[in-house]
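Summary of the model geometry
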Amino acid sequence: MADIEAFDPDAFAAFKAQAAGTQAAPIEAFDPDAYAAFKARQSRPALDPSQAQQLAAAKAATAAPYVEGGLPDMPSSEDLYRQGAGVPASLYAAASSAMYDMPIVGPMLTGASDRLAAGIRSYRDGTSYGDELKRIQDYDTAAKAAHPVASTVGGVAGGIAGTAPMIMAAPALFGAGEAALPARLLASTVSGGALGGADAAVRSGGDLDATWKGGAAGSVLGGAAPVLGAAVGAGVRNAGEFAASRLAPTAGFGSAAAGKIADDVAASGGADAVRARLADLGQPAMLMDTSPAFTGRAQGLAVEPATRGAIVTPLETRAAGANTRIRGDVDQALGPAAEPATVEAARQQSYDRVVPPLYRQATGQPVQVDTSNVLGMVRDLRSQEKGPAADALDRAWGLLHQDGDVPGVGRAAIPDRRPEALHNAKEALDAQIAQAQGQMGSAAASTVNRLGQVRGALNDALEAQVPGYADANRTAQQYLAGRDALARGQTLLSGGRDAVRPGQLAAETVGMSPMEQFMQRTGLRSEIDRHLGTTLNDRVALQRDLMGEGDFNRARLATVFGEEPTQRLANTVGREAQFDRTYNDVVRGSQTAQRTASARDITPREVSAGSTDVLPGLATILGGADAGASALATKAGMGGLKLATSAAGRQADLASNQQLARAVTMENGDALNALLDAIERRGRMMQRVGGYGDAAALGAQAGAISQADRTRGYLPSSLPTVPFLGR
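Keep in mind that this is a model prediction, so the values were computed, not measured.

From N to C terminus, the protein chain includes 31 helices and two strands. Looking at the protein chain as a whole, 38% of its 727 residues are labelled buried. Taking the contacts inside the protein chain whose residues are at least 6 apart along the sequence as the reference set, 73% of them involve residues at least 24 apart. Put simply, the protein chain shows about 38,200 Å² of open surface, and 58% of that area lies on carbon and sulfur atoms.

Below, the structure written as structure tokens:
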């Protein structure tokens, strides 16, 4: 069980006398609250002499901060520092004013903060809550009086901090939106008046006169806030842009030229878009090829005599090498071209060297071929046909017979069973079929059909009965398929209804032998070379002929050559078509609106002394000869100054134009990348400057609207009429 402390009446009486400053009450008048404070005091360690002196000084400083007349008796900075538990009084004054001057909620936050602090101190120190609240409020008043500048700055900052979020949340309501200026002024006037009136009502405890004055002050400040915000924002923005344009590195370009290049980069979609376009075009792409903005800039520079050569000469040099670049790129992507006639002659020579010996070897064997089934087919078909088809079948019948001795009959037509003779008969049938295919009409079609049936049956009989004949056929067919593939390749860029579809070509190519694929590729490559020869000087026509209006040509090229070579070919013709357009637009182009606007933007200033000719005569009339002479001398001096200024400005413009000409004619490479990097850095800096300007505009507008209470000169200094709405 805890020990029970004995009550010491003398110690308790001394404590009460020290707390009240008077003779302690008799012991009979026991005060439980006072006794609890006494026990709490006993539980704390005793203060050393220096701490006791500091506590006494702090209590003395806060006991009576006012003298007669209502003006504060200023405590020293050291006293305030001790009272504020080591916090500088100026910092406290700024922070306290910042909280208190927040519109509407400031007095509430301050009152709640003071009461919370007073409650904590009262509980901790065993003192009266009222005394602690009064000490806090007295210290606040003394600190603000001792540091009026810090207090004012903190108050303005608090007003901005409390108002800016409201403007950001509802910009149109506070006149910060995108509406016209009159509408924004009206909105800001109304919202400023409402905010000022509400703030004054809270600070005055609902006093109508104070509320009216706060609303009037808020309306005036609100009406001026949009104009003030715009002016401050523009000033910060202009100052920042001026500094950024001179501090940002621009890869050897002056601020004027760099600014125009940055504008063109922005109009082109940004530096990344420009880099992507340069990568698509490849070498020797220039900056002026990447977008209409840079093309227009080059057009304007080409108009000016001082920069025309710097623009036109690089373009003419590049144009002169176009044909060599195109042929070199196409050869590198697709391989060199070959003449179709040369390829066909080589194929035929190889055929003559390989195929006929195979047939001679097969047909020279001592075998007899039974053609009875072939003859039966001819007999059946002949009985069904009339006209040219019947005549053709009669000739086929004759090709399959020879004159021979028939026992009991004599010389008569007998079936020819010799392999070599039948092979020759098959070739004769091929010739008849080819002749009939060149004719028109249903009779010719019937002839081709019937002869084809006979020819097929005869070939089957030879392959079945003559050893080696089938192998000779397959070898011959490969050569003939190569011939057909060569001819097919030469038609793959043709359009029209009969043009081969990409899907059909892909399926057929998969089924081709390597030799057929090679011959088809050779035929298509020769066709590309033919287009180069006929449309090389018209890059747009070349792009149309090779790539086509849709995707058919490109898909067929990819099937034959592969996707990567086709893409390289497309890049080449597209690049040269763009180079050609740039050349025509800049060197040969007419005075378009874009060219005219760009030329006006970069036209150097004229050198002029100004028009002050009337000044000497007017001065002579008004002041006499001496005044006229003085005015004449003044005019000469002003004219010379302006002449020198305009001459210097013109030289700066000419230098800037030379830099612009150097920029737009830069080819893709390290120097151009460095320029684009510098423009990006400059853009980021300008973007930050714009953000600073927007923040300054918002802060100025919020600062103006939030100072209604300060404008009406009302500073509350007593407890609020409505609880927790102020002090």
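Still more ground to cover, so stick around.
Let us now look at the packing of aromatic side chains. For the coordinates displayed, the defined rule picks out two aromatic pairs. Between Tyr 351 and Tyr 479, the aromatic rings sit 5.8 Å apart at their centres with planes inclined by 85 degrees, giving edge-to-face as the arrangement. Here Tyr 479 lies in helix α21 (residues 469–489) and Tyr 351 lies in helix α16 (residues 340–363), a separation of 128 residues in the sequence. You'll find Tyr 351 and Tyr 479 in the same group, each marked buried. Lying over the aromatic face of Tyr 100, Arg 203 brings its terminal NZ or CZ to 4.8 Å of the ring centre. A cation over a ring is seen here: Arg 318 above Phe 579, with NZ or CZ 3.9 Å from the ring centre.

Relative to strand β2 (residues 410–415), strand β1 (residues 401–406) is paired through six bridges, and the arrangement is antiparallel. Paired with Asp 405 across the bridge in β2 is Arg 411. Counting the residues that bridge the hairpin from β1 to β2 gives three residues, and of these Gly 408 lies at a positive phi of roughly 80 degrees.

The next subject is the nonpolar core. Nonpolar side chains in soluble globular proteins tend to end up buried together. One finds Ile 261, Met 288, Ile 311, Leu 315 and Leu 675 to be the most contacted residues of the largest nonpolar core, which totals 33 residues. For this core, the secondary-structure elements that each account for two or more residues are α11 (255–267), α12 (271–281), α13 (292–303), α14 (305–320), α26 (563–588), α29 (625–664) and α30 (670–706). Sequence-distant contacts of Ile 261, that is, excluding residues within four places in its chain, are made with Phe 253, Phe 294, Leu 660, Ala 663, Leu 675 and Ile 679. Residues Ala 396, Leu 422, Ala 461 and Leu 462 belong to the second largest nonpolar core, which totals 30 residues.

For the rest of this paragraph, the subject is α13. Taking 1.5 Å as the rise per residue, α13 with twelve residues should run 16 Å; its terminal C-alpha atoms sit 17 Å apart, in good agreement. Extensive coverage of α13 is indicated by the burial of ten of its twelve residues. Of the positions making up α13, those classed as buried are Ala 293, Phe 294, Thr 295, Gly 296, Arg 297, Ala 298, Gln 299, Gly 300, Leu 301 and Ala 302.

Going through the model one piece at a time under the given rule, you end up with 21 salt bridges. Across the pair Arg 135 and Glu 132 runs a salt bridge whose closest N-O atoms are separated by 3.3 Å. With Arg 135 and Glu 132 both in helix α7 (residues 129–146) and three residues apart, this pair spans about one turn of that helix. Since its relative accessible area comes to 24%, Arg 135 is described here as partly exposed. Residues Glu 563 and Arg 554 are paired through a salt bridge, measuring 2.9 Å at the closest nitrogen-oxygen approach. Glu 563 sits in the partly exposed class, given a relative accessible area of 46%. Because the salt bridges share partners, they merge into one network encompassing Arg 325, Asp 329, Arg 575 and Glu 576.

Scoring rules and cut-offs
- Residues numbered from 1 in each chain as written.
- Predicted model: local features only at pLDDT ≥ 70, side-chain atom pairs only at ≥ 80, totals over all residues.
- Heavy atoms only, no water.
- Helix = DSSP H or I, 4+ residues; strand = E, 2+ residues; numbered from the N terminus.
- Buried < 20%, exposed > 50% of the residue type's maximum accessible area, 1.4 Å probe, protein only.
- Contact = heavy atoms within 4.5 Å.
- Areas by Shrake-Rupley, 256 points an atom, 1.4 Å probe, with all protein chains shown as cover.
- Phe/Tyr/Trp six-rings, centres within 6.5 Å; stacked < 30°, edge-to-face > 60°.
- Lys NZ or Arg CZ within 6 Å of the ring centre and 35° of its normal.
- Pairing = 2+ DSSP bridges.
- Core = buried A, V, L, I, M, F, W, Y, C linked by side-chain atoms within 4.5 Å.
- Expected span 1.5 Å × (residues − 1).
- Salt bridge = Lys/Arg side-chain N within 4 Å of Asp/Glu carboxyl O.

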